[in-house]
Amino acid sequence: MRAPRGHEPKRSSGRAQSTLIGVVLLIGMVAAGSCSILLVGGAAINGAEQQSENERVEQAFIEMSQKMTDAAVTDDTSRSIDFDVGDHGAITREDTGAIEIREASSNDPIIDDISFGSIEYTGSDGSKLAYEAGAVFREDGAETRLVSAPQFQYDEDSDTLTFPIVDIASGEQDLESGSISFENQRIDSEHRVEENQRVEIEVTSEYWSGWETYFIEETEAPWAVTTEPVDGTDKKSVTVNLGQISHPSEFSQAVRAGGDLNWAGGGAGVVDGSVMAAGSVDESGNYEDGHEEGVEPLANIDDEIAARIDETTDDYDELDPSSTIENGTYYADGDVSLGNNVDLANGDVVLVTEGIVTIDDDVLVENHDGEHAFYVYTSGGLDVANNELKPDGSGKNPARIQVYGDSSFEFTIRGNGYYEGVVYAPSSGGGSMVETAAGNPDVYGSLVGGSVELNGNPTITHNPALSDLEPKINERVQAPPDLIYLNITNHAIDITND
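A quick note: this is a predicted structure, and the numbers were derived from the prediction, not measured.

Student: Mind laying out the overall build of the chain, listing which residues take part and the relevant values?
Tutor: Helix and strand counts for the chain come out as 3 helices and 35 strands. The burial tally for the chain puts 46% of its 498 residues in the buried class. Taking contacts inside the chain between residues at least 6 apart in sequence as the whole, the part at least 24 apart equals 64%. Carbon together with sulfur atoms contributes 44% to the accessible area of the chain, which is approximately 23,700 Å² in total.

This is how it looks when you write it as structure tokens:
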């Protein structure tokens, strides 16, 4: 039935409402998108601006470092530069680190402990730039890298270290962008010859990893650089070791003791060659070339022996003591009994052991006319009893047999035993032992040990040609770079805004 006129049925308004809602949502989405664009774009702009400022400030720090070093090296009293550190500015801090330079053997200071300050800039992104002691570092989170190197220069050709240390002496203050001035307040210097000495340079700093990396790269000797934490701080101490102790005459004497030399045989027997001891020398002995007490003890070679053992356990030839031992490197984790010859025709023979090497029968070293030798490295000892260990033939050639031991090593020769070679097992105040026991033991060569006990009726004869022989050591343990000349200067610089 049709509805009466004027009373048309009401139609739904859903389509109109949907259109309205769609328009509202569209406007909202556009607005939200615009906000997102503004936020992302704003963050990108801020990031780019911060990156640009960081780069400008980094260049400003590098230029400042160079100018300060130039002023220090040339002894200029004052200089000024334009210093762009953005709106954040920088601060100077006191006593943020220290440098100590000392002789390693005595710990005596070469230059007294130097505390230095720093100049620091922190960006809005949390990154940090810092200048200290002539170096510029950048710190991003947990990573610190070197931006500009200090003037720490090691010349391996002349074995010379030059190190001008620049200290910020102006106390804690703010530095703003603009012109800054700096002037030398104090200059201390030390120029000396350090040949045959070990020198340690220790830098303590919050930016220790940058110093560590630089020392390693400059010296090309990572084994010479060590790092230790400083309790209760974020700092660490980085130490670089320079200088080597050379011992040009380890075998220039018949006997050398790192402790005392006792002669319990009541004077029977003879030592033909010089005798040296870090401790006392028994006056009852028969020393044809005299003796010397109180000499500097030689350093032990414990690290060398341990390194040899560790290396050889991974790669070695099987030792067959019942047959002639030929060219190769052999290892034994216990005692070794030798009673057959050693053949050097094809090269060196190296025996590494943690036990005692006992000469059970005569052992002759054959084909020793060249430069090859029979080397023994042991943490145990060498026992020669009523037998011979020597190069074959009628001539004397003790350099062809070389025995090396750590500070627990014991060399014993007794009865009518004969040893022609060298023993090198230095230790101070005792430790390793060199002993002639009862009978008529005979040694032709050179003996270096800790304590020396001469019993029975010993004959020890030195061969002067051994004075030119260098010990076969420091090959598995890497030594620090050599050092002869040390040039250190300490410059205190006062910095102010103009």
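Student: Any details on the pattern of salt bridges? Residues and values, ideally.
Tutor: What the rule picks out here adds up to 12 salt bridges. Arg 138 is paired through a salt bridge with Glu 58; the nearest N and O atoms lie 2.9 Å apart. Of this pair, Arg 138 sits in strand S5 (residues 135-140) while Glu 58 sits in helix H1 (residues 14-73), placing them 80 residues apart in sequence. The same class applies to Arg 138 as to Glu 58, namely buried.

Student: Now, about the pairing of strand S6 (residues 143-148): what can you tell me, with residues and values included?
Tutor: Two elements, S5 and S6, share 5 bridges in a ladder whose sense is antiparallel. Residue pairing in the sheet places Val 136 in a bridge with Ser 148 of S6. The turn joining S5 and S6, which pair antiparallel and follow one another in sequence, is formed by 2 residues; a positive phi near 65° is taken by Gly 141.

Student: Give a detailed account of the nonpolar core, specifying residues and quantitative values.
Tutor: Among the nonpolar cores identified, the biggest contains 43 residues, and Val 271, Leu 338, Phe 374, Leu 382, Phe 411 and Tyr 419 are the most heavily contacted of them. Excluding anything up to four places from it in sequence, Phe 411 contacts Leu 382, Val 384, Tyr 419, Val 423, Met 433, Val 434, Glu 435 and Leu 447. Ranked by size, the runner-up nonpolar core spans 29 residues in total, among them Ile 165, Val 199, Val 203 and Val 225.

Student: How would you sum up the pairing of strand S3 (residues 109-122)? Please name residues and give values.
Tutor: Two strands pair when backbone bridges link them, and strand S2 (residues 90-103) and S3 are joined in this way by 8 bridges, in the antiparallel orientation. When the bridges of S3 are listed, Ile 101 appears paired with Ile 111. Connecting S2 to the next strand, S3, in antiparallel fashion are 5 residues, including Asn 107 with a positive phi near 65°. The pairing of S3 with strand S4 (residues 128-132) spans 5 bridges and is antiparallel. Bridged to Ile 119 within S4 is Tyr 131. Between S3 and the antiparallel strand that follows it, S4, lie 5 residues; Gly 126 among them carries a positive phi value of about 90°.

Student: Break down the side chain of Asn 387 for me, with residues and values.
Tutor: Following the sequence through the fold, Asn 387 ends up in the loop between strand S26 (381-385) and strand S27 (388-391). Taking relative accessible area as the criterion, Asn 387 reaches 13% and is therefore assigned buried. Separated by 3.1 Å, the side chain of Asn 387 and the backbone oxygen of Asp 360 make a polar contact. Filtering out sequence-adjacent residues up to four positions away, Asn 387 remains in contact with Ile 359, Asp 360, Asp 361, Asp 362, Gly 417 and Tyr 418.

Student: If you had to explain the sheet that holds strand S33 (residues 451-454) to someone new, which residues and values would you point to?
Tutor: An order of S15-S33-S31-S29-S26-S23-S20 is seen for the 7 strands of this open sheet, with the pairing classed as parallel. Edge positions in the sheet fall to strand S15 (261-263) and strand S20 (336-338), since each of these pairs with one other strand and no more. The mean angle between the axes of side-by-side strands here comes to 10°, regardless of whether they run parallel or antiparallel. With 3 bridges connecting them, S20 and strand S23 (residues 356-359) associate as parallel partners. Bridge pairing in S23 places Val 336 opposite Val 357.

Student: Break down the packing of aromatic side chains for me, citing the residues and quoting the values.
Tutor: Counting across every chain of the model gives 15 aromatic pairs. Measuring from ring centre to ring centre gives 5.6 Å for Phe 251 and Tyr 424, while their planes differ by 70°; the resulting arrangement is edge-to-face. With Phe 251 in the loop between strand S13 (236-242) and strand S14 (255-257) and Tyr 424 in strand S30 (residues 418-424), this residue pair connects regions lying 173 residues apart in the sequence. Here a set of aromatic residues connected by ring pairs shows up, and it is made of Phe 137, Phe 152, Phe 163, Tyr 207, Trp 211, Tyr 214 and Phe 215.

Student: With reference to specific residues and values, describe a negative patch on the surface.
Tutor: Residues Asp 310, Asp 314, Asp 315, Asp 317, Glu 318, Asp 333 and Glu 354 make up a contiguous surface patch of negative charge. One can find Asp 314 in the loop between helix H3 (302-312) and strand S19 (328-332). Residue class for Asp 314 comes out exposed when judged on its relative accessible area of 68%.

Student: Tell me about unusual backbone geometry, and name the residues and values.
Tutor: With a phi close to 55°, Glu 220 is a non-glycine residue in the positive phi region. By the element assignment, Glu 220 lies in the loop between helix H2 (208-219) and strand S12 (225-229). Among the residues examined, Glu 220 registers a relative accessible area of 56% and is labelled exposed. Despite not being glycine, Asn 367 has its phi angle at roughly 50°, a positive value. Checked against the element boundaries, Asn 367 lands in the loop between strand S24 (363-366) and strand S25 (374-378). Of the residues examined, Asn 367 reaches a relative accessible area of 45% and is grouped as partly exposed.

Student: Lay out the environment of Ala 149 with the relevant residues and their values.
Tutor: With respect to the helices, strands and loops of the structure, Ala 149 is situated in the loop between S6 and strand S7 (153-155). On a C-alpha basis, the gap between Ala 149 and Ser 65 in space is 9.3 Å, while along the polypeptide they are 84 residues apart. For Ala 149, the residues in contact, after removing those within four places along its chain, are Gly 134, Ala 135 and Tyr 214.

Reading guide: rules and limits
Residues numbered from 1 in each chain as written. Predicted model: local features only at pLDDT ≥ 70, side-chain atom pairs only at ≥ 80, totals over all residues. Heavy atoms only, no water. Helix = DSSP H or I, 4+ residues; strand = E, 2+ residues; numbered from the N terminus. Buried < 20%, exposed > 50% of the residue type's maximum accessible area, 1.4 Å probe, protein only. Contact = heavy atoms within 4.5 Å. Areas by Shrake-Rupley, 256 points an atom, 1.4 Å probe, with all protein chains shown as cover. Salt bridge = Lys/Arg side-chain N within 4 Å of Asp/Glu carboxyl O. Pairing = 2+ DSSP bridges. Core = buried A, V, L, I, M, F, W, Y, C linked by side-chain atoms within 4.5 Å. Polar contact = N/O pair within 3.5 Å; in protein donor to acceptor, adjacent residues only side chain to side chain. Axes fitted to C-alpha atoms, helices over the stretch in contact; angles between N-to-C directions. Phe/Tyr/Trp six-rings, centres within 6.5 Å; stacked < 30°, edge-to-face > 60°. Patch = residues over 30% accessible without salt bridge, like charges linked within 9 Å, V, L, I, M, F, W, Y side chains within 5 Å. Lys, Arg positive; Asp, Glu negative; His and termini not counted. Charge placed at Lys NZ, Arg CZ, Asp CG, Glu CD.

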